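Each chain is listed here by its residues.
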Amino acid sequence: MSVSPLAVETPQEHLSLEALVTLLETIFLRHGTSAEVARSLAQNCAAAERDGAHSHGVFRIPGYVSTLKSGWVNGKAVPVVEDVAPAFVRVDAGNGFAQPALAAARALLVEKARHAGIAILAIRNSHHFAALWPDVEPFAEEGLVALSVVNSMTCVVPHGADRPLFGTNPIAFAAPQAAGDPIVFDLATSAIAHGDVQIAARKGERLPPGMGVDGLGQPTDDPKAILEGGALLPFGGHKGSALSMMVELLAAALTGGNFSFEFDWSNHPGAKTPWTGQLLIVIDPSKGAGQNFAERSQELIRQMHGVGLKRLPGDRRHRQREKSLREGVTLDVAELKQLRELAGL
Ligand SMILES: NC(=O)C1=CN([C@@H]2O[C@H](COP(=O)(O)OP(=O)(O)OC[C@H]3O[C@@H](n4cnc5c(N)ncnc54)[C@H](OP(=O)(O)O)[C@@H]3O)[C@@H](O)[C@H]2O)C=CC1
Ligand SMILES: O=C(O)C1=NCCCC1
């Protein structure tokens, strides 16, 4: 969900993707991560910014830094990968970030998916502070179908309840198509991502109706009222609420991770990352109907365009990616200054 852009132009600068990755890597290293973790997080965050996924791009860097400083997360954690069954891999992220845990298990996961037709990766004891599509898109680029869920921290009122319990709990899906970019969607099961509420609050913008409630449980379009004592609503009423419940079950109960409500960072001032779990399901479509899956998915997309569809999930990101790769990644001058300060430059 994106909120309406600011009317006032803010001064901007362009940075090549490589320069942005290096800058972010320097920040992570300076704040106590291992070289491997720094690289992984920097690439993830820069990719989000490159694709215009601002709610999980460089906007998140101060949150990563304050979390690392608070001692809440272990920036040097070494994930432990367990090969538990022919189609099941488990990773204990060791209170580290989820992306290095996925990277550590990826080769085994793909090997199992190609052999068994399907494989599951259950990550626990992990922090996911990022967009989810970077976790699934690369599988589709190598011809596999991937689905991932991750739970976050309590800020969403289940449909029909009166207090928050669920996280914003995103679901991301990726599938190959014969020609063109993989089909990818990535959506929070809340009406709006928490990150977008923070961005709207910072810009002084109002939200569309139906996103959240204030501290008294009354509907509000004021992002500050949502952030300060209020809560978000699931998207689509009982339907989004059911999906959010499913994410809690798959990402936490199934992996051994925490539910979104099982966090207490009160002894860690500045901590912002949820300490939960993540599930990935990877399918080798060649084991399916025996027809070429990628051709079939392309046919579906062709038919969707045929009925007048102008925008598919992922189209906006890919357009922005092409622009960023051509012109450099656009950053606000003030934001870049802050990043350079955090990098000690
Ligand atoms: N780590 C965590 O715990 C959490 C992470 N997040 C992340 O927040 C990010 C934002 O989530 P959310 O706000 O729900 O995302 P959006 O509502 O912006 O977009 C959801 C999906 O719908 C697509 N889309 C949006 N508008 C249209 C349209 N008009 N027509 C067709 N497709 C459309 C998007 O494609 P496109 O990208 O091309 O616009 C995207 O794939 C996600 O990356 C998510 O992973 C959210 C919650 C928790
Ligand atoms: O935007 C969100 O919602 C979240 N993003 C990162 C992790 C916490 C929730």
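Residues numbered from 1 in each chain as written. Chains lettered and ligands numbered in written order. Predicted model: local features only at pLDDT ≥ 70, side-chain atom pairs only at ≥ 80, totals over all residues. Heavy atoms only, no water.

Student: Can you lay out the pairing of strand S3 (residues 88–97) for me, pointing to particular residues and giving the numbers?
Tutor: Two elements, strand S2 (residues 80–85) and S3, share five bridges in a ladder whose sense is antiparallel. Bridge assignment links Glu82 to a residue of S3, and that residue is Arg90. Where S2 folds back onto S3 in an antiparallel hairpin, the turn is made up of two residues. Judged from the seven bridges that link them, S3 and strand S4 (residues 118–127) form a sheet pairing that is parallel. Bridge assignment links Arg90 to a residue of S4, and that residue is Ala122. With respect to chirality, the unit in which S3 leads through helix H4 (residues 98–116) into the neighbouring parallel S4 is right-handed. (Pairing = 2+ DSSP bridges. Helix = DSSP H or I, 4+ residues; strand = E, 2+ residues; numbered from the N terminus. Right-handed = clockwise from strand over helix to strand, strands pointing away.)

Student: Any details on the packing of helix H1 (residues 17–30) against helix H3 (residues 61–70)? Residues and values, ideally.
Tutor: Put simply, H1 and H3 touch, their axes get as near as 10 Å, and they point 20° apart. It follows that H1 is roughly parallel to H3 by the angle criterion. At the point where H1 passes H3, the crossing takes the right-handed sense. Note on element contacts: H3 touches H1 through Ile61, Tyr64, Val65 and Leu68, opposite Leu24, Ile27 and Phe28. Grouping the amino acids of the contact of H1 with H3 by side-chain chemistry returns seven nonpolar, no polar and no charged. (Axes fitted to C-alpha atoms, helices over the stretch in contact; angles between N-to-C directions. Parallel < 35°, antiparallel > 145°, perpendicular 65-115°, else oblique. Left-handed = near helix turned anticlockwise from the far one by under 90°. Contact = heavy atoms within 4.5 Å. Nonpolar A, V, L, I, M, F, W, Y, C, P; charged D, E, K, R; others polar.)

Student: Before we move on, can you summarise the sheet that holds strand S8 (residues 212–213) with the specific residues and values?
Tutor: With respect to topology, three strands assemble into an open sheet ordered S9-S8-S10, the strand pairing being antiparallel. Either end of the sheet is taken by a strand with one partner, and the two such strands are strand S9 (219–220) and strand S10 (231–232). Relative to S9, S8 is paired through two bridges, and the arrangement is antiparallel. Of the residues in S9, the one forming a bridge with Gly212 is Thr220.

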